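# Observations on the three-dimensional arrangement
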Amino acid sequence: LLFGLAVFLTLSNLSKAYLVAHDVPLAFTLTPRLSLEWFYLPVTAMTLLAVVAAIGSIIFIIIGKHVSQTPSKIGFGIVGYLLVYGLVAPFWLLRAMFDVATGTRRAWR
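What counts as what
- Residues numbered from 1 in each chain as written.
- Predicted model: local features only at pLDDT ≥ 70, side-chain atom pairs only at ≥ 80, totals over all residues.
- Heavy atoms only, no water.
- Helix = DSSP H or I, 4+ residues; strand = E, 2+ residues; numbered from the N terminus.
- Areas by Shrake-Rupley, 256 points an atom, 1.4 Å probe, with all protein chains shown as cover.
- Buried < 20%, exposed > 50% of the residue type's maximum accessible area, 1.4 Å probe, protein only.
- Contact = heavy atoms within 4.5 Å.
- Expected span 1.5 Å × (residues − 1).
- Bend = angle between axes of the 7 residues up to and from the residue.
- Axes fitted to C-alpha atoms, helices over the stretch in contact; angles between N-to-C directions.
- Parallel < 35°, antiparallel > 145°, perpendicular 65-115°, else oblique.
- Left-handed = near helix turned anticlockwise from the far one by under 90°.
- Nonpolar A, V, L, I, M, F, W, Y, C, P; charged D, E, K, R; others polar.
- Salt bridge = Lys/Arg side-chain N within 4 Å of Asp/Glu carboxyl O.

### Looking at the overall build of the protein chain
Looking only at helices and strands, the protein chain features four helices and zero strands. If you list the helices and strands of the protein chain from N to C, you get α-α-α-α. Surface exposure of the protein chain reaches about 10,500 Å², of which carbon and sulfur atoms provide 75%.

The following block contains the structure:
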């Protein structure tokens, strides 16, 4: 009885494996199945801080434009902010660190 059950389960599992392997198209098995889970996004602390800082910066730019009542468009201010703090500020920091390391004092202009 036990041997018969083992043979039956083995044949059943082999037939299921054969059906799964031969009934699923090859294109489906080789293509990645990507899905976006809305309730799970891999967020690290650094990512969260970067998003909060970016949103806060944009909010402060909008508030500053409203307070100063400048007639320029807000897009120019955001592009300028990204250029200054994304491209120029790292070089300023590198120069400041080099000056501290070498003991160089620079005069304010």
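### Some points on the side chain of Asp99
Among the structural elements, Asp99 can be located in helix H4 (residues 74-102). Judged by relative accessible area, which is 10%, Asp99 ranks as buried. Discounting residues that sit within four places of it in the chain, Asp99 has contacts with Thr104 and Arg106.

### Some remarks on H4
Count 3.6 residues to each turn of an α-helix, and residues three or four apart come out pointing the same way. With 29 residues, H4 should reach 42 Å at 1.5 Å per residue; the first-to-last C-alpha distance of 41 Å fits that figure. Considering bend angle alone, the principal kink of H4 is centred on Val88 and spans about 40°; proline Pro90 follows within four residues of it. The first or second residue beyond H4 is Gly103, which carries a positive phi of 80°.

### Considering helix H3 (residues 45-68)
For H3, spanning 24 residues, the distance from its first C-alpha to its last is 34 Å, which sits close to the expected 34 Å at 1.5 Å a residue. Gln69 sits one or two residues past H3 and shows a positive phi near 55°.

### So, the packing of H3 against H4
Contact geometry of H3 with H4 gives a least axis separation of 10 Å together with a crossing angle of 135°. When the axis of H3 is compared with that of H4, the two are oblique. You can see that H3 and H4 cross each other, and the crossing is right-handed. Contacts between H3 and H4 involve Ser57, Ile58, Ile61, Ile62 and Lys65 from the first element and Ile74, Gly77, Ile78 and Tyr81 from the second. A breakdown of the residues in the contact of H3 with H4 according to their chemical character gives six nonpolar, two polar and one charged.

### Considering the pattern of salt bridges
As enumerated under the stated definition, the model contains one salt bridge in all. The shortest N-O distance in the salt bridge between Asp99 and Arg106 comes to 2.7 Å. Given the relative accessible area of 47%, Arg106 is considered partly exposed.

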